[in-house]
Amino acid sequence: PAWADLPFAERERIVRAFAALLEQHKDRLARIIGRETGKPLWETRTEVASMAAKVDISVRAYHARTGSSQTQSGAMVQALRHRPHGVTAVFGAVWARRGQGGWLRRHEMKAYSEYLRQSGWVFLGVSSTELLTRFYVFVVAGWFGAAMLASLSATQQLLRPVPLLAISWSMVARNDLARQRDREAWSDFRRVLALAVGAGILVAVAWTLTLHLAWPTIATHLFGGKYLADGWMVALWGLGAAVTLGQTVVSTGLQVLRVFKPLALANGAASLVAAGGVLLAMRGLGPAGAIIGTAAGQLLELAAMTAILLSITAARRRAAPREAEA
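In short, a report on the structure. (Residues numbered from 1 in each chain as written. Predicted model: local features only at pLDDT ≥ 70, side-chain atom pairs only at ≥ 80, totals over all residues. Heavy atoms only, no water.)

Turning our eyes to something else, we now look at the overall build of the protein. The helix and strand tally for the protein stands at eleven helices and two strands. The order of α-helices and β-strands along the protein, N terminus first, is α-α-α-α-β-β-α-α-α-α-α-α-α. Looking at the protein as a whole, 33% of its 326 residues are labelled buried. Considering only residue pairs separated by 6 or more positions, the protein has 68% of its internal contacts joining residues 24 or more positions apart. Accessible surface, the protein: about 20600 Å² in total, of which carbon and sulfur atoms supply 63%. (Helix = DSSP H or I, 4+ residues; strand = E, 2+ residues; numbered from the N terminus. Buried < 20%, exposed > 50% of the residue type's maximum accessible area, 1.4 Å probe, protein only. Contact = heavy atoms within 4.5 Å. Areas by Shrake-Rupley, 256 points an atom, 1.4 Å probe, with all protein chains shown as cover.)

As structure tokens, then:
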């Protein structure tokens, strides 16, 4: 082959030039590997550095494993000659001694502490959201009994397609939002989220109106006429479904930006407001207060998340020209 026919000095020059290119474009290559594999940036940077370091390792290996040598041992001459045979076998083993075990070194384990911190914030946010959406169940069951809770659940269930639509959109749009983030196309990033919220609210309103108008028929045939007088709950739950859709869309944007701490704090604050709102509203409005109090917490969370998203994207858009000038 042409590569094997080249002198060693020429092959060394080529691979060292390759290593120099890796070093020159290491940040860009690390980002590309991260987008393709989903690995964190610290790990992809290590991979690029390892590729560049492999050149020196290979050159040293060449000098150690080629040519021949002789040593005199008494009346005998020991000769070492290297002949290429290709790969014959690969054996792997762990050999631990003091100073080894790099995977346990503190400075390398620090990278995983970031995962723990971010996971903790995500867990707080998810737990808060669960409290936000489920708190009314315990209060209604305790104050008004299982029959009223069943009425609330029956009028809510047929609105589930709205938040499920938002979740489906989130799964599809996440990669596109990540590409816009990496390109620092913040106007497009915001535009996608705004269009999704606007279109989603229109769908939620249309679906709620359809269910509200058809509720007498639905209650008669699906529930045996049990919840005929509860059509007003469908309208209130529709408001909550529209807000939930907005929460999911904006939350997706914040997750793509990896701002888990502000997102978790917004979730926590909204959950406290919802819990207090449910208790206060139910004292004055009865069961309807459960829906209104929950919606109040959701609206607060949506407003807080939107403010965080706008603030972060505006800051990064202002920082982009300064980085380009530098």
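Okay, the side chain of Ser 251 next. With respect to the helices, strands and loops of the structure, Ser 251 is situated in helix H9 (residues 231-257). Its relative accessible area of 13% is what places Ser 251 among the buried residues. With near-sequence residues (within four places) excluded, Ser 251 lies in contact with Leu 263 and Met 305.

General note: in soluble globular proteins, nonpolar side chains tend to be found buried as a group. Residues Tyr 136 and Phe 189 are the most contacted members of the largest nonpolar core, which totals 46 residues. Elements that contribute at least two residues to this core include exactly helix H5 (106-144), helix H6 (146-157), helix H7 (161-182), helix H8 (186-222), H9, helix H10 (260-285) and helix H11 (288-325). Not counting residues within four places of it along the chain, the set of residues in contact with Tyr 136 comprises Leu 149, Leu 152, Gln 156, Trp 237, Val 278, Ala 290 and Thr 294. (Core = buried A, V, L, I, M, F, W, Y, C linked by side-chain atoms within 4.5 Å.)

Direction vectors running N to C along H8 and H9 enclose 165 degrees, while the axes themselves pass 9 Å from each other. It follows that H8 is roughly antiparallel to H9 by the angle criterion. As H8 packs across H9, the resulting crossing turns out to be right-handed. For the contact of H8 with H9, a count of residues per class yields 18 nonpolar, seven polar and no charged. (Axes fitted to C-alpha atoms, helices over the stretch in contact; angles between N-to-C directions. Parallel < 35°, antiparallel > 145°, perpendicular 65-115°, else oblique. Left-handed = near helix turned anticlockwise from the far one by under 90°. Nonpolar A, V, L, I, M, F, W, Y, C, P; charged D, E, K, R; others polar.)

All right, on to the packing of helix H2 (residues 8-24) against helix H4 (residues 41-64) then. Two elements in contact, H2 and H4, have axes whose closest approach is 8 Å; the angle formed by their N-to-C orientations is 160 degrees. Taken together, the axes of H2 and H4 lie roughly antiparallel to each other. Crossing of H2 over H4 shows left-handed handedness. Mapping the contact onto sequence places Phe 8, Glu 12, Val 15, Arg 16, Ala 19 and Leu 22 in H2 and Val 48, Met 51, Ala 52, Val 55, Asp 56, Val 59, Tyr 62 and His 63 in H4. When its residues are assigned to classes, the contact of H2 with H4 shows ten nonpolar, one polar and three charged.

Moving on, we get to the packing of aromatic side chains. Going through the model one piece at a time under the given rule, you end up with four aromatic pairs. When the ring of Trp 186 is compared with that of Phe 189, the centres are 5.8 Å apart and the planes differ by 70 degrees; the resulting orientation is edge-to-face. With Trp 186 and Phe 189 both in helix H8 and three residues apart, the pair spans about one turn of that helix. Residues Trp 215 and Phe 223 carry aromatic rings whose centres are separated by 5.9 Å and whose planes lie at 40 degrees to one another, so their mutual orientation is tilted. Overall, the relative accessible area of 2% leaves Trp 215 in the buried class. Three or more aromatic residues joined by ring pairs form one cluster here, namely Trp 215, Phe 223 and Tyr 227. (Phe/Tyr/Trp six-rings, centres within 6.5 Å; stacked < 30°, edge-to-face > 60°.)

This part is about the environment of Val 162. With respect to the helices and strands, Val 162 occurs in helix H7. The spatial distance from the C-alpha of Val 162 to the C-alpha of Val 203 is 7.7 Å, given a sequence separation of 41 residues. The residues contacting Val 162, other than those within four sequence positions of it, are Ala 204, Trp 207, Ala 241 and Leu 245.

What follows concerns the pattern of salt bridges. Side-chain pairing between opposite charges can occur once the charged atoms of the two side chains come close. Here the structure, examined in full by the defined rule, presents nine salt bridges. With a shortest N-O distance of 3.5 Å, Asp 176 and Arg 179 are connected by a salt bridge. In this pair, Asp 176 and Arg 179 both sit in helix H7, three residues apart, roughly one turn of the helix. Relative accessible area serves as the criterion here: at 48%, Arg 179 is assigned to the partly exposed category. In this structure, Arg 181 engages Asp 182 in a salt bridge whose closest nitrogen and oxygen atoms are separated by 3.1 Å. (Salt bridge = Lys/Arg side-chain N within 4 Å of Asp/Glu carboxyl O.)

A word on H10. A rise of 1.5 Å per residue sets the reference length of H10, with its 26 residues, at 38 Å; its end C-alpha atoms lie 35 Å apart and thus fit the reference within 8%. Directly after H10, the chain includes Gly 286, whose backbone phi takes a positive value near 75 degrees. (Expected span 1.5 Å × (residues − 1).)

Let us look at unusual backbone geometry. In this structure, Glu 184 takes a positive phi of about 60 degrees despite not being glycine. Under the relative-accessibility criterion, Glu 184 is labelled partly exposed at 40%. The residue Arg 258 is not glycine, and still its phi comes out positive at about 65 degrees. Within the element layout of this structure, Arg 258 appears in the loop between H9 and H10.

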